[in-house]
Every structure is written in structure tokens, then in C-alpha cells.
Amino acid sequence: MPHQKKIALVAHDAKKDLIVDWASANRDALSHHHIYATGTTGGRLMEGAGLAVERLLSGPLGGDAQLGAMIAEERLDALIFFIDPLSALPHDVDVKSLLRLAILYDTPLAINKSSADAVLCALKNDTD
Ligand SMILES: O=C(CO)COP(=O)(O)O
């Protein structure tokens, strides 16, 4: 597809229902793009939102690091990352590294539903 973007969708466990609902509501827009997701999020998105997803490793097992590498190699156009602000995570260093690289490379980044709406809207205007 000519204007296809590479978008990563990621959600922490407490936010997985939210990302499935958000992706379902935006399935038409998302289906024009190549969607990557960390392992468990990807499974939930395929099952619950009917979205075609290229699954990476689960976040705690290296999925966040894979996305960070994609950003550093300029192989990702946007990161939608529904972060749980209320739980401690064993792979917090990976989460921080991923966010740091997204900031460093000026990758469009959404960390909650409102900003995900805004990023998707911006991508849509960019691809019109
Ligand atoms: O932990 C994550 C992001 O930090 C997400 O990983 P999963 O999608 O495999 O749960």
C-alpha cells in the first residue's frame, strides 16, 4: 500500500482491554497500516479486534527492546503504548529505553487513549 505506515501497538496488562477497545473502534484506519505489537498485546488484538498484527516477543522477554531497535533503525513510524502508571514492572528498564529512543528519534508517541487518538488522526492526515 502506497501510504502505509509502520505502527506499533503495546499495552501493559491493566491496559489490554483498553487497547483492544481502542483498536476495535479504529480498526478501519489501522487496517491501512502495517501493525506490529508485542507478544501478548498482539494476541489480544488479533483475537479481540480482528486486526492483522505482526507479533514480536512479549514485552518482558525482549519485545520492548525489539521495538526500540526498530526505532533506532528508523523502521517504525509511530508507537502507541498504553502504559500502566499504577504497577511496578520487572522490565521497567526496557520500557524506559523504548520511551527514550522514541523521544530521541522524534517518533510519534502516544501513551494513553487521548494521545493515541491524536497520533492516529495525524497519521491519517499525513497519508491522505
Ligand atoms: O510489557 C509490555 C510492554 O512493556 C507488553 O508486552 P506484552 O504485550 O507481551 O504483554
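Residues numbered from 1 in each chain as written. Predicted model: local features only at pLDDT ≥ 70, side-chain atom pairs only at ≥ 80, totals over all residues.

## Focus: the site of the ligand
All residues adjacent to the ligand are Val-10, His-12, Thr-38, Gly-39, Thr-40, Thr-41, Ser-58, Gly-59, Pro-60, Gly-63, Asp-64 and Val-95. For the shell around the ligand, the secondary structure elements donating two or more residues are helix H3 (39-49) and helix H4 (63-72). Looking at which element gives the most residues to the shell around the ligand, the answer is H3, with three residues. Residues that form the shell around the ligand fall into these classes: three nonpolar, eight polar and one charged. (Near = placed C-beta within 6 Å. Helix = DSSP H or I, 4+ residues; strand = E, 2+ residues; numbered from the N terminus. Nonpolar A, V, L, I, M, F, W, Y, C, P; charged D, E, K, R; others polar.)

## Some details on the UniProt feature "active site" (unreviewed entry) in the protein chain
What UniProt calls "active site" (unreviewed entry) maps, in this numbering, to Asp-64. In this fold, Asp-64 is placed in helix H4. The class of Asp-64 is buried, set by 28 C-beta atoms lying within 10 Å. Apart from residues no more than four positions distant in its own chain, Asp-64 is found in contact with Thr-38, Gly-59, His-91, Asp-94, Val-95 and Leu-98. (UniProt positions renumbered as here; feature names shortened; annotations may be inferred. Buried ≥ 20, exposed ≤ 12 C-beta atoms within 10 Å, placed from the backbone. Contact = placed C-beta atoms within 7 Å.)

## Regarding the pairing of strand S2 (residues 34-37)
The pairing of strand S1 (residues 6-11) with S2 spans four bridges and is classified as parallel. Across the sheet, residue Ile-7 finds its bridge partner in S2, namely Ile-35. As paired strands, S2 and strand S3 (residues 54-55) are joined by two bridges and run parallel to one another. Bridging across to S3, Ala-37 finds its partner in Arg-55. Crossover connection from S2 via H3 to parallel S3: handedness right-handed. (Pairing = 2+ DSSP bridges. Right-handed = clockwise from strand over helix to strand, strands pointing away.)

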